[in-house]
Amino acid sequence: MAISFGVSPIAWTNDDMPELGGDTSLETILGDAHEIGFAGIELGGKFPRDPAVLRPLLDRHCLALVGGWFSGNLLTVDVDAEIAAAAEHLALLKAMGSTVWVHAETSNAIHGQRRTPLSQSPRHAEIDGGAFGRRMTDFADYIQGQGLRFAYHHHLGTLVEGPDDLDALIATTGESVGLTIDTGHAALGGIDPVATIRAHPRRIAHVHCKDVRASVFSALRERDGSFLEGVLAGMFTTPGDGGLDFSAVMGSLADIRYSGWIVVEAEQDPAIADPRKYGALGLATLRREAAHAGLGEAV
């Protein structure tokens, strides 16, 4: 049972809002991630998609490519079309030795729309969950057959946002549909990450750790704001800087003998929240709690 700590480049530059860190170079991101002490990094918009170019960049900074988000469309296309759309992304991840496929259905998502309030998020109950679940399972089977673990990412502003949505997804899909447990999206979406980890140990394929500022999110809800407005307001932060109990999260992961990546992913305005400072805090917090829980770190 071994874990590795990675980081998302979203702390340095936000693909959904290029004004946040848009002038930060990829070399800066990679250099900072290595100096902080991360073993890997997830894919971001500034990353070259040619493995012959990307591999030496990451090797120079002693970083593995953890994986990368894929925006799915299985509500609107069949499995063959989804496989075709995923081919380039899959080829890159395989060439780079990545082991996890982070996936979310985005065909009807609103999280990238700055003027659309979170109150208008789609709901799993509004779709044909059985048909969607069968397509998702077939696609996950395919990804698993290619050597990567499929990890569905519940996310604010998407059809898998709250506990009922997540329960429905699990009930209508096979075990090849693993989960990316994201502590921040879970907490703000009303999902208990610790209870989910304990209830579905065989589904836990990947972990994103971010902290939350609950008062900021409450104010966002009161004014019926959007997801991106919440990010700008600071509803997310790095582990150790908000209100979540990461000792309980690490304890539950130890209890299920989780082995894999734990990624610090905390989107904020880098002009306000220095990525190096907050990345170091997040890694130190998680390392401390993981060690207390008995989670061994890969060497």
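Coordinates for the structure precede this section.
Please read all numbers here as calculations on a predicted model, not as lab measurements.

S.K.: Which residues make up the packing of aromatic side chains, and what are the values?
M.R.: Using the criterion set out here, one finds four aromatic pairs in the structure. Ring centres of phenylalanine 139 and phenylalanine 150 lie 6.1 Å apart, and the angle between their planes is 80°; this geometry places the pair in the edge-to-face category. Taken together, the residues phenylalanine 139 in helix H4 (residues 129-145) and phenylalanine 150 in strand S6 (residues 149-153) connect sequence positions 11 residues apart. Look at phenylalanine 139 and you get buried, because its relative accessible area is 0%. By the ring-pair criterion, three or more aromatic residues cluster together here, those being Phe70, Trp101, Phe139 and Phe150.

S.K.: Talk me through the pattern of salt bridges; I want residue IDs and the actual numbers.
M.R.: In this structure the tally under the stated criterion is 15 salt bridges. Between arginine 213 and aspartate 241 there is a salt bridge, with the nearest N and O atoms lying 2.8 Å from each other. Here arginine 213 is found in the loop between strand S9 (211-212) and helix H8 (214-222), whereas its partner aspartate 241 is found in the loop between strand S10 (236-237) and helix H10 (246-255), with 28 residues between them in sequence. Residue classification places arginine 213 among the partly exposed residues on the basis of a relative accessible area of 23%. What makes aspartate 241 partly exposed here is its relative accessible area of 30%. Overlapping salt bridges, with partners in common, bring together Arg123, Glu161, Asp165 and Arg221 in one network.

S.K.: Explain the nonpolar core to me, and be specific about the residues and the numbers.
M.R.: Trp101, Leu253 and Ile262 are the most contacted members of the largest nonpolar core, which totals 65 residues. Contacts of leucine 253, omitting those with residues within four sequence positions, involve Ile197, Ile204, Val207, Tyr258, Ile262 and Leu295. One finds Met17, Leu118, Val216 and Val231 within the second-largest nonpolar core, a separate group that totals 14 residues.

S.K.: Explain the side chain of threonine 158 to me, using residue names and the numbers behind them.
M.R.: Mapped onto the secondary structure, threonine 158 falls in the loop between S6 and helix H5 (163-171). Contact partners of threonine 158, with chain neighbours within four places excluded, come to Glu105, Ala109, His111, Pro122 and Arg123.

S.K.: Explain the pairing of strand S5 (residues 100-105) to me, and be specific about the residues and the numbers.
M.R.: Counting buried residues in S5 gives six out of six residues, a clear majority hidden from the surface. What you see with S5 is no split at all: Val100, Val102 and Ala104 on one side and Trp101, His103 and Glu105 on the other are buried throughout. Of the strand pairs in this sheet, strand S4 (residues 69-72) and S5 are connected by four bridges, and their pairing is parallel. By the bridge assignment, tryptophan 69 is partnered in S5 with valine 102. The parallel pair S4 and S5, bridged by helix H3 (residues 79-95), forms a crossover whose chirality is right-handed. Two strands pair when backbone bridges link them, and S5 and S6 are joined in this way by four bridges, in the parallel orientation. Across the sheet, residue tryptophan 101 finds its bridge partner in S6, namely phenylalanine 150. On the question of chirality, the crossover connecting S5 to the parallel S6 by way of H4 is right-handed.

S.K.: Run through unusual backbone geometry, naming residues and quoting values.
M.R.: A positive phi angle, near 55°, is found at cysteine 62, a position not held by glycine. Tracing the sequence through the fold places cysteine 62 in the loop between helix H2 (51-60) and strand S3 (64-65). On the basis of relative accessibility, which here comes to 53%, the residue cysteine 62 falls in the exposed class. One non-glycine residue, aspartate 224, lies in the positive phi region at around 55°. Take aspartate 224: it is sitting in the loop between H8 and helix H9 (227-233). Relative accessible area serves as the criterion here: at 40%, aspartate 224 is assigned to the partly exposed category.

S.K.: Describe helix H1 (residues 26-36), with residues and values.
M.R.: Within H1 the residues assigned to the buried category are Leu26, Ile29, Leu30, Gly31, Asp32, Ala33 and Ile36. Those residues of H1 that are buried lie in contact with strand S1 (2-7), strand S2 (40-41), H2 and helix H11 (275-293). Trailing H1 by a residue or two, glycine 37 shows a phi angle of about 120°, which is positive.

S.K.: How would you explain H4 if you had to name every residue and give the values?
M.R.: Over its 17 residues, H4 runs 24 Å from end to end, which matches the ideal 24 Å to within 8%, given 1.5 Å per residue. Of all the residues in H4, the buried ones are Gly129, Ala131, Phe132, Gly133, Met136, Thr137, Phe139, Ala140 and Ile143. Check the buried side of H4 and you find it contacts H3, S5, S6 and H5. Glycine 147 sits one or two positions beyond H4 and adopts a positive phi of about 95°.

Analysis parameters
Residues numbered from 1 in each chain as written. Predicted model: local features only at pLDDT ≥ 70, side-chain atom pairs only at ≥ 80, totals over all residues. Heavy atoms only, no water. Phe/Tyr/Trp six-rings, centres within 6.5 Å; stacked < 30°, edge-to-face > 60°. Helix = DSSP H or I, 4+ residues; strand = E, 2+ residues; numbered from the N terminus. Buried < 20%, exposed > 50% of the residue type's maximum accessible area, 1.4 Å probe, protein only. Salt bridge = Lys/Arg side-chain N within 4 Å of Asp/Glu carboxyl O. Core = buried A, V, L, I, M, F, W, Y, C linked by side-chain atoms within 4.5 Å. Contact = heavy atoms within 4.5 Å. Pairing = 2+ DSSP bridges. Right-handed = clockwise from strand over helix to strand, strands pointing away. Expected span 1.5 Å × (residues − 1).

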